[in-house]
Amino acid sequence: MSIKVTLPDGSEKHFPGSISAYDVAKDISPRLADAAVCAELDGKLYDINTIIDHDVKAVFHTFSSAIGKEVYWHSTSHLMAQAVKQLFPDVLVTIGPAIDSGFYYDFDRDTNFTDEELVSIENKMKELVKADLPYLRTELSKQEASDLFAKMGETYKAELLAVIPDGDIISIYQQGDFVDLCRGPHLPSTGKIKAFKLLKSSGAYWRGDEKNKMLKRIYGISYPSNKELNEYLLFLEEAKKRDHRKIAKDLDLFSINDEVGPGLVLWHPNGAMIRHLVEAYWKEEHIRKGYKLVYTPHVGRANLWETSGHLGFYKDSMYAPMDIEGQDYYIKPMNCPFHLSIYNANLHSYRELPIKLAELGTVYRYERSGVLHGLMRVRGFTQDDAHIICTPDQLNEEVEKLITFSLNMLSHFGFEKFKIYLSTKPEKSVGEEEDWDKATASLRLAMDAQNLEYDVDYGGGAFYGPKIDIKIKDALGREWQCTTIQFDFNLPTRFDMTYVGADNAPHRPYVIHRAVLGSIERFFGTLIEYHSGNLPMWLCPTQIMVLPITDAQIEYANEINERLLLLGLRSEIDKRSEKIGYKIREAELKKIPFMCIVGKKEAENGQVALRQHTVGDLGVMSFDEAVLKLNEE
RNA sequence: GCUCAUGUAGCUCAGUCGGUAGAGCACCUCCUUGGUAAGGAGGAGGUCACCGGUUCAAAUCCGGUCAUGAGCUCCA
């Protein structure tokens, strides 16, 4: 019986009889066989030593593919669990999957793993790699598996088995003395794992539920070569350097003070200037697109929050009310009720729609203490909020405009890579099915019209409407939400919003709730990390530092500084009696884009020596030439 | 909120076995006036996060609180 194997490029390989996937790979190239971590046969993943006994389509995965990495990391997590069990036999194993970068394994143990223990686990892993133990797959019935893990005392595994349907075939993998319940596939043997590092240990709830026991998790990463591992570790180091909390300290941008309160941001002059520039640009662009700016209070009466429904569904994130003359007032967690109240203050005709009300609205939300993180997660923040009130007919056009507007604005700040998510109707929701369909369709339509790639989060929408989220990635590869475009089927009814239609009858408008930057605080943090603190010229609090070489040039330097200021450039002068090298060093460390260095020669000839941050000396030139160069940025 | 770790000068960090506080940078004063990433000398600066306990004696040991960090959980 001959076997036909079809490869991804359409080519076919014929073999006289049953053959292992490994041998097929070897037939293609010995290097592929060596590098292959698993085989995908007719769309299903198998161990590389699986025997092929019928015609199949085969794809071989190496570490370079996402699937390859997953298998590689998953096998490493088993290797780690084996080492842990050998060193600490009383520890119970739970689960240990691959993640976006690396893997983890959760153990039930009373104490946390110390750094020293991580090192000894690593050393044990090295021994097991040297032993080159094969990962052996065995299939058995659920009952057999239950008996096996019960005998081993691995109660968590038994719990996992309990939710698997009775008839299913269970697979276990064994390498050396270590057995784990696992779907697979795995590497052929531990010897394939060339370079690894255990990164950190922390707590994690069993099955991610905080009602359950806190387990001890170890995170790790592995690569087929030391070179790749070291590159990754270097990347982590570099990422640390760009952390917005560190850069903000160096550049004196903001602080969060224990006495003021956690999650509450103090914007220092440098940070405040950048924020001002961001906000000024934001306002200008919104006005240009037909938005109307509004301002609303920071607190509102309980009635308002009853009407909006926030006291019903958002109370956990709101702060306790304050009593004003016997009435409860709440500090706002959102701006919507105010914006909609502005709409309701007047009667509106269909001719006026869409109405777009925009505000940089500062809101306060309760966040659990453990989740606060620099500017990324705070308790008081400013949303670049707007509500678009439109007729159903205007929906498509408005959504399309919004997406273009958002992407343009984000790219103006230098961001290039986005991840877009569409979230659809959750189980519990308000609004008519028909409206949901229509709104969801218009979101899809708007993205398809621009050929945007997006992931769909089925059932991930808010209960009051579907949404589009645009996220940008920070230095550590984490995604942060910026733009959010959300339909609201809830508030128009709650606030009894209407407009007078062409038929002279009242109609219910659609409301789109949207933020482009999301939170100014978070956006600012992401902006800092993305640019490593080297902001584009237009966002720098100080754009030019004028540096006299000796005190004799202070007068001339003053003159240059004044002229730059008059041109609208944010210039400063460093008059201290320090050496020029010292003043340059400081300006470089403060990441100021340009320096105007003036000594005796420049003063005599009415020139300046221009120096650019990270680039270096640009040479001596006339003042006008220098201004020309500054304006190029 | 949970697990673990951490909290010493404005910043980065030392501080041994429990014996009364240290460095570098920054800051102030003086000297130096220089040509593209740190010139020199001197000075000031601390309720060792906070509260309590043990002790003749606590930055150090113990307990609690607060905050920060890495995760978990949750979200802009």
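In case you missed it, the structure is sitting above this.
Within each chain, residues carry numbers counting from 1 in the order of the written sequence. Chains carry letters and ligands carry numbers; both start at the beginning, A for chains and 1 for ligands, and go up in the order they are written. The predicted origin of the model limits local features to residues at a pLDDT of at least 70 and limits the giving and counting of side-chain atom pairs to 80 or more, whereas totals for whole chains, interfaces and linings rest on all residues. Working from all heavy atoms in the structure, the side-chain values ignore hydrogens and water.

Participant: Looking at this structure, I do not really get the sheet that holds strand 27 (residues 479–488). What am I missing?
Facilitator: Sheet strands associate in pairs through backbone hydrogen bonding, adopting either a parallel or an antiparallel arrangement. A pair of strands is treated as paired once DSSP finds two or more bridges between them. By the criteria applied, helices consist of DSSP H or I runs no shorter than four residues and strands consist of E runs no shorter than two, each listed in order from the N terminus. Pairing is mixed across the open sheet formed by eight strands, whose spatial order is 18-22-23-30-27-26-24-25. Each having just a single partner strand, strand 18 (292–293) and strand 25 (455–457) make up the two edges of the open sheet. Across five bridges, strand 27 lies against strand 30 (residues 510–519) in antiparallel orientation. Within strand 30, the residue paired with Asp488 across the bridge is Val511.

Participant: What is the right way to look at the environment of Thr483 in this model?
Facilitator: Mapped onto the elements of the fold, Thr483 is located in strand 27. Along the primary structure Thr483 and Gly581 are separated by 98 residues, whereas in three dimensions their C-alpha atoms are 44 Å apart. Here a residue-residue contact requires only that any non-hydrogen atoms of the pair lie within 4.5 Å. Apart from the residues within four sequence positions on either side, Thr483 is in contact with Ser406, Leu410, Ile468, Asp469, Ile470, Ala515 and Val516. Pairing of N or O atoms within 3.5 Å defines a polar contact, subject to two protein rules: one partner must be a possible hydrogen donor and the other a possible acceptor, and residues neighboring in sequence count only if both atoms are side-chain atoms. Looking at Thr483, its side chain comes within polar contact range of the main-chain oxygen of Val516, at 2.7 Å.

Participant: Before we go on, may I ask you to explain the nonpolar core in this structure?
Facilitator: In summary, soluble globular proteins display a tendency toward joint burial of nonpolar side chains. Side-chain atoms within 4.5 Å are what join buried Ala, Val, Leu, Ile, Met, Phe, Trp, Tyr and Cys residues into a set we call a nonpolar core. Note on exposure labels: buried denotes an accessible area under 20% of the residue type's maximum, exposed denotes more than 50%, and partly exposed covers the range between, all computed with a 1.4 Å probe on protein chains only. The biggest cluster of nonpolar side chains holds 58 residues, and the ones touching the most others in it are Phe413, Ile468, Phe487, Leu517 and Phe523. A per-element tally of this core places helix 13 (residues 395–412) first, with eight residues.

Participant: Would you mind going over the protein's contact with RNA strand B with me for this structure?
Facilitator: With respect to spatial proximity, 53 residues lie near RNA strand B, and among them Tyr205, Ser369, Arg377, Arg585 and Glu602 are the closest. We call a residue near a molecule or strand when any one of its heavy atoms sits within 4 Å of it. Counting only the atoms of RNA strand B that lie within 4 Å of the protein, the sugar and phosphate share comes to 50%. Separating a base oxygen of RNA strand B from a side-chain N or O atom of Arg377 is a distance of 2.5 Å. Between RNA strand B and the protein, one listed contact pairs a phosphate oxygen with a side-chain N or O atom of Arg576 at 3.5 Å.

Participant: When you look at the layout of surface pockets in this model, what are you seeing that I'm missing?
Facilitator: A probe matching the size of a water molecule, rolled over the atoms, marks out where space remains unfilled. Each pocket or cavity is described by its volume, and for the largest pocket that value is around 1100 Å³. Points on a 1 Å grid over protein atoms alone make up a cavity when a 1.4 Å probe fits among them but cannot get out, and a pocket when they form an open set with protein on both sides within 12 Å along at least five of seven lines; lining residues each have an atom within 4 Å of a point. What lines the largest pocket is a set of 35 residues, and nearest its centre among them are His74, Ser171, Cys182, Arg183 and Gly184. Tallying contributions element by element places helix 3 (residues 66–87) first for the lining of the largest pocket, with five residues. When its residues are assigned to classes, the lining of the largest pocket shows 18 nonpolar, eight polar and nine charged. Both domains that furnish three or more residues to the lining of the largest pocket are identified here as domain 1 (3–61) and domain 2 (66–239). Grid points are joined across faces, edges and corners, and a volume is the space filled by probe spheres set on the points. Three residue categories are used. Nonpolar comprises Ala, Val, Leu, Ile, Met, Phe, Trp, Tyr, Cys and Pro, charged comprises Asp, Glu, Lys and Arg, and polar comprises the others, including Gly. For the domains described, the bounds stem from an automatic or database domain assignment.

Participant: Mind showing me how you'd approach the pattern of salt bridges here?
Facilitator: Where charged atoms from two side chains of opposite charge come close, those side chains can pair. Take a side-chain nitrogen of Lys or Arg and a carboxyl oxygen of Asp or Glu: if they are within 4 Å of each other, that pair is a salt bridge. Following the criterion strictly, the structure yields 31 salt bridges and no others. Across the salt bridge formed by Lys213 and Asp108, the nearest N and O atoms sit 3.0 Å from each other. Taken together, the residues span a long stretch of sequence, with Lys213 in the loop between strand 14 (195–205) and strand 15 (214–223) and Asp108 in strand 10 (residues 102–108) at a distance of 105 residues. With a relative accessible area of 42%, Lys213 lands in the partly exposed category. For Asp108, a relative accessible area of 12% puts it in the buried group. Beyond isolated ion pairs, a larger network of salt bridges with shared partners links Lys356, Glu397, Glu398 and Lys401.

Participant: Just to check I follow, could you spell out the packing of helix 9 (residues 269–288) against helix 13 for this structure?
Facilitator: Geometry of a packed helix pair, given as the angle between the helix axes and the separation of the axes. Here, axes are lines fitted to C-alpha atoms. For helices the fit covers the stretch in contact, and angles between N-to-C directions go from 0 to 180 degrees. The contact between helix 9 and helix 13 brings their axes to 12 Å, and the two run at 150°. On the basis of their axis angle, the class for helix 9 and helix 13 is roughly antiparallel. Where helix 9 crosses over helix 13, the handedness of that crossing is right-handed. Only Phe405, Met409 and His412 of helix 13 make contact with helix 9, whose side of the interface consists of Tyr281, Trp282, Glu285 and His286. Taken together, the residues that form the contact of helix 9 with helix 13 break down as four nonpolar, two polar and one charged. Any angle from 65 to 115 degrees is called roughly perpendicular, while one under 35 is roughly parallel, one over 145 is roughly antiparallel, and all others are oblique. Working rule for handedness: look at the near helix, and if it is turned counterclockwise from the far one by less than a right angle, call the crossing left-handed; if clockwise, right-handed.

Participant: Would you mind showing me how to read the pairing of strand 2 (residues 12–15) here?
Facilitator: Along any regular strand, the residues point their side chains to alternate faces of the sheet. Pairing analysis gives four bridges linking strand 1 (residues 3–6) to strand 2, with the strands arranged antiparallel. The partner of Lys4 across the bridge, within strand 2, is His14. The loop that links strand 1 with its antiparallel partner strand 2 comprises five residues; one of these, Gly10, has a positive phi angle of about 95°.

Participant: For this particular structure, what's the right way to read the side chain of Thr76?
Facilitator: As for its position among the elements, Thr76 is in helix 3. According to the relative accessible area criterion, Thr76 is buried, its value standing at 0%. Engagement of the side chain of Thr76 in a polar contact is seen with the backbone oxygen of Tyr72, the distance being 2.7 Å. Once you skip the residues sitting within four places of it in the chain, Thr76 turns out to touch Phe103, Met125, Tyr135, Ile193, Phe196 and Ser222.

Participant: Would you explain empty space enclosed by the protein in this entry?
Facilitator: Counted under the stated rule, the structure contains one cavity of 30 Å³ or more. Space inside the largest cavity adds up to approximately 60 Å³. Every residue along the wall of the largest cavity is listed here: His310, Phe313, Met334, Cys336, Tyr464, Asp488, Asn490, Leu491 and His513.

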